[in-house]
Amino acid sequence: MNERPAIGRFRNDRAAQRYFAGYDAVIRDWPVPLEPLDVPTGYGTTRLYRTGAPEGLPVMFLPGMGGNSLGWIHASGPVGAHHPVYLADPLGTAGRSDQTAPLRDTKDLADWIRQVLDGIDVPRVYLVGFSYGGYMSLVQAARTPERVAGMTLLDPAAFRVAGLTHYAWGFGCGIGMQLPPLLRRPLAKLLYSDSINRPEDVRVAISGTYLYKGAQPAMVPLTDDELAVVTAPTRILFGKHSTMQDSAAVARRLARVLPAAEVELVPGTGHAIALDVPDLVNARILEHAAKVSRPAGP
(Lines give C-alpha, C1' and ligand atoms only; values in the text may rest on other atoms or scores of the structure.)
Protein backbone atom coordinates (compact mmCIF):
# COMPACT_ATOMS: atom_id res chain seq x y z
CA MET A 1 0.00 0.00 0.00
CA ASN A 2 1.41 3.41 -1.00
CA GLU A 3 1.33 5.81 1.94
CA ARG A 4 0.99 9.54 1.43
CA PRO A 5 4.49 11.07 1.81
CA ALA A 6 5.06 13.73 4.46
CA ILE A 7 6.79 15.94 1.89
CA GLY A 8 5.62 16.10 -1.73
CA ARG A 9 8.10 14.92 -4.32
CA PHE A 10 8.39 13.93 -7.96
CA ARG A 11 8.59 10.20 -8.58
CA ASN A 12 12.07 10.58 -10.05
CA ASP A 13 14.28 13.10 -11.85
CA ARG A 14 12.91 12.11 -15.25
CA ALA A 15 9.34 12.79 -14.07
CA ALA A 16 10.38 16.23 -12.83
CA GLN A 17 12.09 17.08 -16.11
CA ARG A 18 9.07 15.92 -18.10
CA TYR A 19 6.68 17.89 -15.94
CA PHE A 20 8.60 21.16 -15.93
CA ALA A 21 9.13 21.06 -19.70
CA GLY A 22 5.36 21.36 -20.06
CA TYR A 23 4.79 23.60 -17.02
CA ASP A 24 7.36 26.20 -18.07
CA ALA A 25 6.00 26.26 -21.62
CA VAL A 26 2.46 27.00 -20.36
CA ILE A 27 3.69 29.76 -18.04
CA ARG A 28 5.80 31.26 -20.84
CA ASP A 29 2.78 31.41 -23.18
CA TRP A 30 0.28 32.61 -20.54
CA PRO A 31 -2.30 34.99 -22.03
CA VAL A 32 -1.41 37.82 -19.62
CA PRO A 33 1.95 38.80 -18.07
CA LEU A 34 2.83 36.94 -14.86
CA GLU A 35 5.24 38.08 -12.15
CA PRO A 36 6.68 35.08 -10.24
CA LEU A 37 6.97 35.49 -6.48
CA ASP A 38 8.67 33.02 -4.15
CA VAL A 39 7.26 33.45 -0.65
CA PRO A 40 9.06 31.79 2.30
CA THR A 41 6.92 30.08 4.97
CA GLY A 42 7.58 27.68 7.81
CA TYR A 43 6.45 24.85 5.53
CA GLY A 44 8.59 25.74 2.52
CA THR A 45 8.79 28.32 -0.25
CA THR A 46 5.52 28.95 -2.06
CA ARG A 47 5.47 30.02 -5.70
CA LEU A 48 2.84 32.61 -6.56
CA TYR A 49 2.21 34.39 -9.83
CA ARG A 50 1.06 38.00 -9.56
CA THR A 51 -0.93 39.58 -12.36
CA GLY A 52 -3.77 42.01 -12.89
CA ALA A 53 -4.68 45.45 -11.60
CA PRO A 54 -2.22 47.40 -9.42
CA GLU A 55 -4.86 48.20 -6.80
CA GLY A 56 -8.14 46.85 -5.47
CA LEU A 57 -9.29 43.84 -3.47
CA PRO A 58 -6.67 41.10 -4.00
CA VAL A 59 -7.97 37.77 -5.32
CA MET A 60 -6.10 34.54 -4.61
CA PHE A 61 -6.90 31.41 -6.62
CA LEU A 62 -6.57 28.01 -4.92
CA PRO A 63 -6.70 24.92 -7.18
CA GLY A 64 -8.09 21.44 -6.70
CA MET A 65 -6.19 18.53 -5.12
CA GLY A 66 -2.89 18.08 -6.90
CA GLY A 67 -3.43 21.17 -9.03
CA ASN A 68 -1.57 24.45 -9.25
CA SER A 69 -1.58 27.81 -11.01
CA LEU A 70 -1.98 26.25 -14.46
CA GLY A 71 -5.66 25.52 -13.84
CA TRP A 72 -6.56 29.22 -13.90
CA ILE A 73 -5.53 30.01 -17.46
CA HIS A 74 -9.03 31.28 -18.34
CA ALA A 75 -9.62 33.22 -15.11
CA SER A 76 -6.50 35.26 -14.38
CA GLY A 77 -6.92 37.72 -17.26
CA PRO A 78 -10.64 38.55 -16.91
CA VAL A 79 -10.51 38.75 -13.10
CA GLY A 80 -7.16 40.54 -13.21
CA ALA A 81 -8.68 43.32 -15.32
CA HIS A 82 -10.41 44.44 -12.12
CA HIS A 83 -8.34 43.05 -9.23
CA PRO A 84 -4.78 42.20 -8.24
CA VAL A 85 -4.58 38.44 -8.79
CA TYR A 86 -2.38 35.84 -7.12
CA LEU A 87 -2.18 32.29 -8.49
CA ALA A 88 -0.81 29.75 -6.02
CA ASP A 89 1.19 26.57 -6.49
CA PRO A 90 0.23 24.92 -3.17
CA LEU A 91 2.84 23.12 -1.14
CA GLY A 92 2.56 19.36 -1.48
CA THR A 93 1.65 19.48 -5.18
CA ALA A 94 3.56 19.53 -8.45
CA GLY A 95 4.73 23.02 -9.35
CA ARG A 96 7.42 25.55 -8.55
CA SER A 97 6.85 25.56 -4.79
CA ASP A 98 9.40 23.80 -2.57
CA GLN A 99 7.94 22.01 0.46
CA THR A 100 10.27 21.48 3.45
CA ALA A 101 7.85 20.60 6.27
CA PRO A 102 4.65 18.56 6.33
CA LEU A 103 1.16 20.02 6.19
CA ARG A 104 -0.54 17.68 8.64
CA ASP A 105 -4.06 19.03 9.04
CA THR A 106 -6.40 21.99 8.58
CA LYS A 107 -4.53 23.97 11.24
CA ASP A 108 -1.36 23.73 9.15
CA LEU A 109 -3.22 24.53 5.92
CA ALA A 110 -4.65 27.72 7.43
CA ASP A 111 -1.30 28.67 8.96
CA TRP A 112 0.46 28.18 5.61
CA ILE A 113 -2.00 30.45 3.76
CA ARG A 114 -1.75 33.04 6.56
CA GLN A 115 2.03 33.08 6.20
CA VAL A 116 1.73 33.46 2.43
CA LEU A 117 -0.59 36.45 2.87
CA ASP A 118 1.81 37.96 5.38
CA GLY A 119 4.68 37.42 2.94
CA ILE A 120 2.95 39.39 0.17
CA ASP A 121 1.62 42.00 2.62
CA VAL A 122 -2.06 41.28 1.92
CA PRO A 123 -4.11 41.83 5.11
CA ARG A 124 -7.40 40.62 3.58
CA VAL A 125 -7.99 38.56 0.48
CA TYR A 126 -10.85 37.34 -1.68
CA LEU A 127 -10.45 33.58 -2.17
CA VAL A 128 -11.49 31.60 -5.23
CA GLY A 129 -11.25 27.89 -4.57
CA PHE A 130 -12.00 24.95 -6.85
CA SER A 131 -12.67 21.48 -5.38
CA TYR A 132 -9.98 20.95 -2.69
CA GLY A 133 -9.19 24.65 -3.04
CA GLY A 134 -12.77 25.30 -1.94
CA TYR A 135 -12.10 23.16 1.12
CA MET A 136 -8.95 25.18 1.86
CA SER A 137 -10.91 28.41 1.45
CA LEU A 138 -13.62 27.34 3.91
CA VAL A 139 -10.97 26.22 6.40
CA GLN A 140 -9.22 29.58 6.08
CA ALA A 141 -12.44 31.53 6.52
CA ALA A 142 -13.28 29.52 9.63
CA ARG A 143 -9.84 29.77 11.23
CA THR A 144 -8.76 33.31 10.24
CA PRO A 145 -11.98 35.21 9.47
CA GLU A 146 -10.18 38.54 9.71
CA ARG A 147 -8.06 37.65 6.65
CA VAL A 148 -10.88 36.55 4.29
CA ALA A 149 -12.93 39.34 2.73
CA GLY A 150 -15.10 36.97 0.69
CA MET A 151 -15.07 33.80 -1.39
CA THR A 152 -16.31 32.17 -4.54
CA LEU A 153 -16.17 28.39 -4.25
CA LEU A 154 -16.39 26.18 -7.31
CA ASP A 155 -17.83 22.72 -6.61
CA PRO A 156 -15.93 22.65 -3.31
CA ALA A 157 -14.79 19.23 -2.08
CA ALA A 158 -15.65 19.85 1.56
CA PHE A 159 -18.78 17.85 2.27
CA ARG A 160 -18.01 14.19 1.63
CA VAL A 161 -15.07 11.98 0.71
CA ALA A 162 -14.84 11.21 -3.00
CA GLY A 163 -16.32 7.85 -3.94
CA LEU A 164 -15.95 5.40 -6.80
CA THR A 165 -18.30 7.40 -9.04
CA HIS A 166 -16.03 10.41 -8.80
CA TYR A 167 -12.89 8.43 -9.52
CA ALA A 168 -14.59 6.75 -12.48
CA TRP A 169 -15.54 10.20 -13.79
CA GLY A 170 -11.94 11.39 -13.46
CA PHE A 171 -10.67 8.27 -15.24
CA GLY A 172 -13.19 8.83 -18.03
CA CYS A 173 -12.09 12.44 -18.45
CA GLY A 174 -8.46 11.38 -18.64
CA ILE A 175 -9.25 8.79 -21.32
CA GLY A 176 -11.46 11.28 -23.18
CA MET A 177 -8.63 13.76 -23.59
CA GLN A 178 -6.66 11.16 -25.52
CA LEU A 179 -9.47 10.36 -27.97
CA PRO A 180 -10.03 11.94 -31.40
CA PRO A 181 -12.63 14.73 -31.46
CA LEU A 182 -15.29 12.51 -33.05
CA LEU A 183 -15.27 10.26 -29.96
CA ARG A 184 -14.34 12.93 -27.45
CA ARG A 185 -17.39 15.14 -27.99
CA PRO A 186 -20.09 12.56 -27.08
CA LEU A 187 -18.05 11.44 -24.07
CA ALA A 188 -17.78 15.05 -22.89
CA LYS A 189 -21.57 15.30 -22.95
CA LEU A 190 -21.96 12.00 -21.11
CA LEU A 191 -19.51 13.12 -18.40
CA TYR A 192 -20.84 16.71 -18.24
CA SER A 193 -17.26 17.90 -18.74
CA ASP A 194 -16.88 20.13 -21.77
CA SER A 195 -13.27 20.91 -20.89
CA ILE A 196 -12.09 17.55 -22.23
CA ASN A 197 -12.85 18.97 -25.67
CA ARG A 198 -9.94 21.36 -24.98
CA PRO A 199 -7.25 18.98 -23.71
CA GLU A 200 -4.49 21.50 -24.34
CA ASP A 201 -5.92 23.58 -21.46
CA VAL A 202 -5.44 20.91 -18.81
CA ARG A 203 -3.08 18.21 -20.07
CA VAL A 204 0.02 19.59 -18.35
CA ALA A 205 -1.88 20.57 -15.21
CA ILE A 206 -3.21 17.07 -14.60
CA SER A 207 0.05 15.32 -15.50
CA GLY A 208 1.24 16.10 -11.99
CA THR A 209 -1.23 13.58 -10.61
CA TYR A 210 0.88 10.70 -11.93
CA LEU A 211 4.34 12.31 -12.05
CA TYR A 212 4.28 13.63 -8.49
CA LYS A 213 3.59 12.09 -5.09
CA GLY A 214 1.39 14.66 -3.41
CA ALA A 215 1.44 15.50 0.29
CA GLN A 216 -1.61 17.65 0.90
CA PRO A 217 -3.68 16.72 3.97
CA ALA A 218 -6.60 14.45 3.20
CA MET A 219 -9.93 16.25 3.05
CA VAL A 220 -12.03 15.65 6.16
CA PRO A 221 -15.69 16.61 5.54
CA LEU A 222 -16.62 19.78 7.40
CA THR A 223 -19.22 19.51 10.12
CA ASP A 224 -22.24 21.77 10.53
CA ASP A 225 -20.52 23.45 13.48
CA GLU A 226 -17.38 24.14 11.42
CA LEU A 227 -19.42 25.60 8.56
CA ALA A 228 -21.59 27.71 10.87
CA VAL A 229 -18.64 29.83 12.02
CA VAL A 230 -17.88 31.04 8.47
CA THR A 231 -18.85 34.71 8.30
CA ALA A 232 -17.17 35.83 5.06
CA PRO A 233 -19.57 36.65 2.22
CA THR A 234 -19.64 33.47 0.16
CA ARG A 235 -20.87 32.44 -3.26
CA ILE A 236 -20.85 28.74 -4.08
CA LEU A 237 -21.30 27.29 -7.57
CA PHE A 238 -22.01 23.58 -7.82
CA GLY A 239 -22.06 21.56 -10.99
CA LYS A 240 -25.60 20.21 -11.09
CA HIS A 241 -24.20 16.86 -12.21
CA SER A 242 -21.17 16.83 -9.91
CA THR A 243 -19.76 13.43 -9.03
CA MET A 244 -18.05 14.90 -5.97
CA GLN A 245 -21.33 15.28 -4.07
CA ASP A 246 -25.10 15.39 -4.35
CA SER A 247 -25.19 19.07 -5.23
CA ALA A 248 -28.89 19.58 -4.51
CA ALA A 249 -28.60 17.89 -1.11
CA VAL A 250 -25.55 19.96 -0.15
CA ALA A 251 -27.36 23.13 -1.25
CA ARG A 252 -30.23 22.26 1.10
CA ARG A 253 -27.78 21.66 3.92
CA LEU A 254 -26.04 24.98 3.33
CA ALA A 255 -29.37 26.79 3.37
CA ARG A 256 -29.69 25.54 6.94
CA VAL A 257 -26.14 25.91 8.31
CA LEU A 258 -24.76 28.75 6.15
CA PRO A 259 -27.89 30.69 5.19
CA ALA A 260 -26.07 33.84 4.10
CA ALA A 261 -24.18 31.99 1.36
CA GLU A 262 -25.34 32.45 -2.22
CA VAL A 263 -25.62 28.96 -3.72
CA GLU A 264 -26.17 28.17 -7.38
CA LEU A 265 -26.52 24.84 -9.16
CA VAL A 266 -25.19 25.28 -12.69
CA PRO A 267 -27.05 23.06 -15.19
CA GLY A 268 -25.16 21.00 -17.73
CA THR A 269 -21.96 20.96 -15.69
CA GLY A 270 -20.15 18.52 -13.44
CA HIS A 271 -17.24 18.76 -11.04
CA ALA A 272 -14.85 20.52 -13.44
CA ILE A 273 -16.99 23.65 -13.49
CA ALA A 274 -13.96 25.96 -13.24
CA LEU A 275 -12.78 24.86 -16.70
CA ASP A 276 -16.08 23.79 -18.25
CA VAL A 277 -17.85 27.17 -18.13
CA PRO A 278 -15.08 29.75 -17.57
CA ASP A 279 -17.06 32.74 -18.83
CA LEU A 280 -19.90 32.08 -16.39
CA VAL A 281 -17.46 31.44 -13.54
CA ASN A 282 -15.51 34.64 -14.19
CA ALA A 283 -18.72 36.68 -14.32
CA ARG A 284 -19.89 35.23 -11.00
CA ILE A 285 -16.52 35.90 -9.34
CA LEU A 286 -16.41 39.50 -10.52
CA GLU A 287 -20.01 40.18 -9.57
CA HIS A 288 -19.58 38.84 -6.06
CA ALA A 289 -16.14 40.41 -5.49
CA ALA A 290 -17.55 43.79 -6.58
CA LYS A 291 -20.35 43.40 -4.04
CA VAL A 292 -17.81 42.56 -1.32
CA SER A 293 -15.60 45.52 -2.30
CA ARG A 294 -18.48 48.01 -2.29
CA PRO A 295 -18.41 50.28 0.78
CA ALA A 296 -21.25 49.70 3.22
CA GLY A 297 -24.06 52.23 3.02
CA PRO A 298 -24.88 54.69 5.80
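In what follows, the structure referred to is the one given above.
Thresholds applied
Residues numbered from 1 in each chain as written. Predicted model: local features only at pLDDT ≥ 70, side-chain atom pairs only at ≥ 80, totals over all residues. Heavy atoms only, no water. Phe/Tyr/Trp six-rings, centres within 6.5 Å; stacked < 30°, edge-to-face > 60°. Helix = DSSP H or I, 4+ residues; strand = E, 2+ residues; numbered from the N terminus. Buried < 20%, exposed > 50% of the residue type's maximum accessible area, 1.4 Å probe, protein only. Lys NZ or Arg CZ within 6 Å of the ring centre and 35° of its normal. Pairing = 2+ DSSP bridges. Right-handed = clockwise from strand over helix to strand, strands pointing away. 1 Å grid on protein atoms, 1.4 Å probe; cavity = no way out; pocket = protein on both sides within 12 Å on 5 of 7 lines; lining within 4 Å. Points joined across faces, edges and corners; volume = space filled by probe spheres on them. Nonpolar A, V, L, I, M, F, W, Y, C, P; charged D, E, K, R; others polar. Axes fitted to C-alpha atoms, helices over the stretch in contact; angles between N-to-C directions. Parallel < 35°, antiparallel > 145°, perpendicular 65-115°, else oblique. Contact = heavy atoms within 4.5 Å.

Draft legend 1. Main features of the packing of aromatic side chains. Taken as a whole and assessed by the stated rule, the structure comprises nine aromatic pairs. Arranged with centres 4.8 Å apart and planes meeting at 50 degrees, the rings of Phe61 and Trp72 form a pair that is tilted. Here Trp72 lies in the loop between strand S4 (59–62) and helix H2 (76–80) and Phe61 lies in strand S4, a separation of eleven residues in the sequence. In this structure, Phe61 and Trp72 share a single accessibility class: buried. On the basis of an interplanar angle of 55 degrees and a centroid distance of 6.1 Å, the ring pair of Phe159 and Phe238 is categorised as tilted. Of the two residues, Phe159 sits in the loop between strand S8 (148–154) and helix H5 (164–176) while Phe238 sits in strand S10 (residues 234–239), which places them 79 residues apart along the sequence. No difference in accessibility class separates Phe159 from Phe238, as the two residues are buried. Through a chain of ring-to-ring contacts, the aromatic side chains of Phe10, Tyr19, Phe20, Tyr23 and Tyr212 assemble into a single cluster. Stacked on the ring of Phe20, the Lys or Arg Arg96 has its end atom at 3.8 Å from the ring centre.

Draft legend 2. The arrangement of the pairing of strand S11 (residues 262–266) in detail. Bridging between S10 and S11 involves five bridges; their strand directions are parallel. Along S11, the bridge assignment pairs Gly239 with Val266. In this view, the connection linking S10 to its parallel neighbour S11 by way of helix H9 (residues 247–257) has right-handed handedness.

Draft legend 3. Local environment of the layout of surface pockets. Its boundaries defined by the atoms lining it, the second largest pocket holds a volume of some 160 Å³. Around the second largest pocket, the lining residues are Thr106, Tyr135, Leu138, Val139, Ala142, Arg143, Val220, Pro221, Leu222, Glu226, Leu227 and Val230. When residues of the lining of the second largest pocket are traced back to their parent elements, those giving at least two are helix H4 (132–143) and helix H8 (224–228). Per element, the largest residue contribution to the lining of the second largest pocket is five residues, and it comes from H4. Classifying every residue of the lining of the second largest pocket by side-chain character gives nine nonpolar, one polar and two charged.

Draft legend 4. Here's a closer look at the packing of helix H3 (residues 106–119) against H4. Contact geometry of H3 with H4 gives a least axis separation of 9 Å together with a crossing angle of 85 degrees. It follows from the interaxial angle that H3 and H4 lie roughly perpendicular. Counting all contacts with H3, which are made through Thr106, Lys107, Leu109, Ala110, Trp112, Ile113 and Arg114, the residues of H4 involved are Tyr132, Tyr135, Met136, Val139, Gln140 and Arg143. Taken together, the residues of the contact of H3 with H4 sort by class into eight nonpolar, two polar and three charged.

Draft legend 5. Structural context of the environment of Pro58. Counting through the fold element by element, Pro58 comes out in the loop between strand S3 (44–52) and S4. Owing to a relative accessible area of 15%, Pro58 belongs among the buried residues under this scheme. Distance in space between the C-alpha atoms of Pro58 and Thr223 is 29 Å, their sequence separation being 165 residues. Residues contacting Pro58, with those up to four places away along its chain left out, are Pro84, Tyr86, Val122, Arg124, Val125 and Tyr126.

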